[in-house]
Amino acid sequence: MAEKYNIQKTEKKCKEYWKRERVYKFDAKRKGKIYSIDTPPPYVSGAMHLGHSFSYAQQDFIVRFRRMIGNVFYPFGTDDNGLPTERFVEKINKIKSKSMSRAEFIELCLKTIKKMTPGFIEDYKNLGISADYDIYYSTIDKNSQKVSQKSFIELFKKGFIYKKQFPTLWCSECQTAIAQAELEDRPGIGLFSTLRFKVDGKDLLIATTRPELLPACVGVFINPKDKKHKHLIGKKAKVPLFDFEVPILADESAEMEKGTGVLMVCSYGDKFDVEAINRHKLKPVLIINPNGTLNFGDYDGLKIEQAREKVLNDLRRKGLIKGQKKINHVVNVHDKCGCEIEFITTEQWFIKILNKKRKLIEQGKKVDWYPKFMFKRYKNWVKGLEWDWSISRERHFGVPIPVWECKKCNKIILPNEKELPIDPIQIKKKCPRCSGVAEPEKKVLDTWATSSLTPQIALSLIDNKIKIPFSLRPQAHDIIRTWAFYTIVKSLYQENKIPWNNVMISGYVTLGGEKMSKSKGTGIQTELILQEYGADALRFWAAGSKLGEDSDYQEKDLVTGKKFINKLFNASRFVFMNLRNYKKEKPNKLEKIDELFLKKLNSLVINCTQAFEKYEYSKAKAETEKFFWHDFCDNYLEIIKKRIYNEKGDRKLSAQYTLYKSLLAILKLIAPIMPFITEEIYQNHFKKTEKIKSIHLTRWPKSEKQADAGEFELFLEVLKKIRQEKTKAKKPMNVKIILTLEKADIEVLKNVLQDLKDVTNAKDIETGKFDVKVI
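Residues numbered from 1 in each chain as written. Predicted model: local features only at pLDDT ≥ 70, side-chain atom pairs only at ≥ 80, totals over all residues. Heavy atoms only, no water.

The helix and strand inventory of the protein stands at 23 helices and 29 strands. The C-alpha extent of the protein, read off along each of the three principal axes, is 110 × 65 × 45 Å. For the protein, buried positions account for 55% of its 775 residues. Pairs at least 24 apart in sequence give 78% of the contacts found in the protein among residues at least 6 apart. Working note: accessible area of the protein is about 35500 Å², and carbon and sulfur atoms make up 49% of it. (Helix = DSSP H or I, 4+ residues; strand = E, 2+ residues; numbered from the N terminus. Buried < 20%, exposed > 50% of the residue type's maximum accessible area, 1.4 Å probe, protein only. Contact = heavy atoms within 4.5 Å. Areas by Shrake-Rupley, 256 points an atom, 1.4 Å probe, with all protein chains shown as cover.)

This is the structure in structure tokens:
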């Protein structure tokens, strides 16, 4: 074993060894219950940053632990279909998908993905993610498309999917419909303008932040409890600047405390407008184009913000603004691009979920959530749903919706399963009723419509040798409303089961209190950290945060991890310098201090096992770290030095046996968190005797019944006090002393007094009040 630990060299060597020996290959025949992981497929969109490393490392801690106690199914996939990939391809190629034909753009996307994917996956291997990379899927590959299209057809036949012309959440930047789950709230400052409507020639003041929607005003609401304005209900109001009249209606949605208390309803400013227009059966006036421009009068072709400014100038010039003030308000934006969303009336495909909210909450309750409070986020999301799941997108790159429609007969035509995957644009279908040519569906499925099927996709790669539910879904908390929720929906509708028994939810990594974000350019690249500190130190840092908690990045935590690695390496070198002729023999009788130390080790094994089983990897890491530094290095190695240096026979053999057993156990306990350094030490010192090719395939340390370690704790307490006295006297630790102990302490420690003499260099131990006399 080298004298100094070389991080880069060792990690490269371990990765090559794991790949060559197929250490993480899934074997359905391997002994032990199969623990299956619904691995999150990351977007192929550039280099991994610390936020990804944080959550993927945390799930890998659990995977490695489970592999050591049984069998693990841990596939790997990449999510590279749909809008995120389109935007990435557009950005790096400096083009817009709409400027190309669908076929050309799809070819460019596939070419880009093929080029990017190997290096992208390598980032996860560099981090030590122990997936079986041979069981790999892409959410746009032919098999995934088949699974996704099959799901669409099945749910359509069951009546869960429908198509409807409806005011849809719309992103004018991406020019596609989006789902409620893709909305983010963004605080901002708006201009609240109080405008002069007219009723019977008199002013009716109405305040709004959306004056550009005046041409689309279809009504005015007054709360029937509003004593000031209720006499106007039933009359007509003239819209300022545009001089057409709209009805004044009674509706309690008009908040008397907000603005002037009178509300203008337009098609469509927000979801309340959509509901209000439907509720009163008003005829909408549609003035916003899919590209975010207006199509009305002098404002034709202007972007929404440009139109807003021009309308305000025109109102101001005609004296139609009573007053203006700036307000703080929250707007809905698309989570993929940050663009403010609009409501555009389009024909879209939906999956019914509003009528299943109670059932979906029940399904979520059947899953064990770690941490438990994350279930509340899921439940609150489901309770707050206001629309069915919009699953169609007006984009080029994605899984095609497998449908043709005969416009003449209004007949929906579906392909046979043998035809899947299929692109309707490429295949002509005739209507079975009238024999006319059916029109192919040009839209594609939302990426979540496919990603919600990751359990089914993964199982299809191993011929469904295991079944749903999976054991675990690991993911971040920001996609509870999307990935977790939609997977529960699909699993209920298709399997009538929960998709997994457990879900572990990781937190964010923050930098100065702000969430790291690749899209905002605030993420630190993992590669830079690995170059300086290595994967083990990074994983050590990730293990320092409790599951579900956000963690602010601090470089000092990586420094601490690196120190731990070096100490583990050096302590192992010391141990095996003193185990040169040791042949894994057990002495006839263990020395008492060795027996007590192994009892303390046994307690550690019990605690770490329980912690990992509860997904409390941070507790397992903290306890192992403390035991290694304090009990093993600072104390036990010092306690047995004289015995292992100077003695022979069973007393030395007892120390050697304990050293071997305890170091191997410590390595196994920390191996899920620090796989590279533990593999390196195992390969150099343990493999030849343990006869198993990797520490990660060895069995988790066995524990016995919890035993009292009070005698050992007293020993350490006395040792600590003696060291403090030597330090106070400004004497070296190896200075000779005469030690005086209380009679009660001598009685408890009678079987380990020789070890106490050895480690403290005490010539004699006398009875009396505690005292340390230097001689």
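With that settled, the discussion passes to helix 21 (residues 710-728). In this model helix 21 runs 27 Å from its N-terminal to its C-terminal C-alpha over 19 residues, within 8% of the 27 Å that 1.5 Å per residue would give. Within helix 21, burial applies to E711, F712, L714, F715, L716, V718, L719, I722 and K726. Buried residues along helix 21 sit against helix 16 (592-613), helix 17 (617-639), strand 27 (737-741), helix 22 (743-748), helix 23 (753-760) and strand 29 (771-774). Positive phi appears at K730, one or two residues downstream of helix 21, with a value of about 55 degrees. (Expected span 1.5 Å × (residues − 1).)

Taken as a whole, this structure holds four cavities of 30 Å³ or more when the rule is applied. Of the pockets and cavities examined, the largest cavity occupies roughly 70 Å³. As for the largest cavity, its lining consists of F166, P167, T168, L169, I178, A179, Q180, F350, W387, D388 and S390. A total of four residues in the lining of the largest cavity trace back to one element, the largest contributor, which is strand 5 (residues 161-171). Its residues assigned to classes, the lining of the largest cavity comprises seven nonpolar, three polar and one charged. Taken as a whole, the second largest cavity spans an internal volume of roughly 60 Å³. For the lining of the second largest cavity, the secondary structure elements donating two or more residues are helix 3 (83-93) and strand 21 (444-445). (1 Å grid on protein atoms, 1.4 Å probe; cavity = no way out; pocket = protein on both sides within 12 Å on 5 of 7 lines; lining within 4 Å. Points joined across faces, edges and corners; volume = space filled by probe spheres on them. Nonpolar A, V, L, I, M, F, W, Y, C, P; charged D, E, K, R; others polar.)

Glancing now at the nonpolar core. Membership of the largest hydrophobic core comes to 120 residues, with the highest contact counts inside it found for W541, F612, F632, F686, F715 and L756. Of the residues forming this core, the biggest block, twelve residues, is contributed by helix 19 (residues 649-670). Sequence-distant contacts of W541, defined by excluding residues within four places in its chain, comprise L50, F54, V509, S551, Y553, D557 and L558. Judged by nonpolar contacts, the second largest core, of 69 residues, contains I135, I391, A438 and V503. (Core = buried A, V, L, I, M, F, W, Y, C linked by side-chain atoms within 4.5 Å.)

This paragraph deals with unusual backbone geometry. P371 follows Y370 through a cis peptide bond whose omega is -5 degrees. Going from I468 to P469, the amide bond is cis rather than trans, its omega being 10 degrees. As for its placement among the helices and strands, P469 is situated in the loop between helix 11 (454-460) and strand 22 (470-476). At D463, a residue that is not glycine, the phi angle is positive and equals roughly 55 degrees. For D463, the position within the fold is in the loop between helix 11 and strand 22.

Quick look at the packing of aromatic side chains now. In this structure the tally under the stated criterion is 45 aromatic pairs. Measuring from ring centre to ring centre gives 4.9 Å for Y56 and Y124, while their planes differ by 70 degrees; the resulting arrangement is edge-to-face. Of this pair, Y56 sits in helix 2 (residues 50-69) while Y124 sits in helix 4 (residues 102-126), and the two are 68 residues apart along the sequence. Y124 gets classed as buried once you look at its relative accessible area, which sits at 1%. Ring centres of F160 and Y493 lie 3.8 Å apart, and the angle between their planes is 5 degrees; on these two criteria the pair is classed as stacked. In this pair, F160 is assigned in the loop between helix 5 (142-157) and strand 5 and Y493 in helix 12 (residues 480-495), connecting sequence segments 333 residues apart. The same class applies to F160 and to Y493, which are both buried. Note that R64 overlies the ring of W18, its terminal NZ or CZ placed 5.3 Å from the centroid. (Phe/Tyr/Trp six-rings, centres within 6.5 Å; stacked < 30°, edge-to-face > 60°. Lys NZ or Arg CZ within 6 Å of the ring centre and 35° of its normal.)

Okay, the sheet that holds strand 18 (residues 404-406) next. The strand order across the open sheet formed by three strands is 19-18-20, and the pairing between neighbours is antiparallel. What marks the edges here is a single partner per strand, and that holds for strand 19 (411-413) and strand 20 (439-440). Note that strand 18 and strand 19 share three bridges and pair antiparallel. By the bridge assignment for strand 19, W404 is matched with I413. (Pairing = 2+ DSSP bridges.)

Within the secondary structure layout, S694 lies in the loop between helix 20 (675-690) and helix 21. A relative accessible area of 0% places S694 in the buried class. Side-chain polar atoms of S694 contact the side chain of E679, separated by 2.5 Å. Within polar-contact distance, the side chain of S694 engages the backbone nitrogen of H696 at 3.1 Å. Excluding residues that lie within four positions of it along the chain, S694 makes contacts with W18, V23, E679, Y682 and Q683. (Polar contact = N/O pair within 3.5 Å; in protein donor to acceptor, adjacent residues only side chain to side chain.)

Two elements in contact, helix 1 (residues 7-21) and helix 20, have axes separated by 9 Å at closest approach and are oriented at 75 degrees. By the angle between their directions, the pair helix 1 and helix 20 is classed as roughly perpendicular. Note on element contacts: helix 20 touches helix 1 through P675, F676, E679, E680, Q683 and K687, opposite T10, E11, K13, C14, K15, Y17 and W18. For the contact of helix 1 with helix 20, the residue count by class is five nonpolar, two polar and six charged. (Axes fitted to C-alpha atoms, helices over the stretch in contact; angles between N-to-C directions. Parallel < 35°, antiparallel > 145°, perpendicular 65-115°, else oblique.)

The next thing to look at is the sheet that holds strand 6 (residues 176-177). Taken in spatial order, the four strands make up an open sheet running 6-5-14-16, and their pairing is antiparallel. Strand pairing shows two members of the sheet lacking a second neighbour, strand 6 and strand 16 (389-390), which therefore form its edges. Of the pairings in the sheet, the one linking strand 14 (residues 341-351) to strand 16 comprises two bridges and is antiparallel in character. Looking at strand 16, one finds that F350 is bridged to S390.

Moving on: the pairing of strand 27. Within strand 27, five of the five residues are buried, which leaves it mostly tucked inside the rest of the structure. What you see with strand 27 is no split at all: I737, L739 and L741 on one side and I738 and T740 on the other are buried throughout. In this sheet, strand 28 (residues 762-767) lies alongside strand 27 in parallel orientation, the contact comprising five bridges. Following the sheet pairing, L741 is matched in strand 28 by T767.

Working note: a packed helix pair is described by the angle between its axes plus the distance between those axes. Contact geometry for helix 17 and helix 19: axes closest at 11 Å, N-to-C directions at 160 degrees. Comparing their axes, helix 19 and helix 17 come out roughly antiparallel. As helix 17 runs across helix 19, the sense of the crossing is left-handed. Side by side, helix 17 and helix 19 meet where T624, F627, F628, F632, Y636 and L637 of the first sit next to A655, T658, L659, S662, L663, I666, L669 and I670 of the second. Taken together, the residues of the contact of helix 17 with helix 19 sort by class into eleven nonpolar, three polar and no charged. (Left-handed = near helix turned anticlockwise from the far one by under 90°.)

Glancing now at the pattern of salt bridges. Within the structure shown, the criterion is met by 45 salt bridges. Among the salt bridges present, the one from D203 reaches R196, with a minimum N-O distance of 2.7 Å. We classify R196 as partly exposed; its relative accessible area is 21%. (Salt bridge = Lys/Arg side-chain N within 4 Å of Asp/Glu carboxyl O.)

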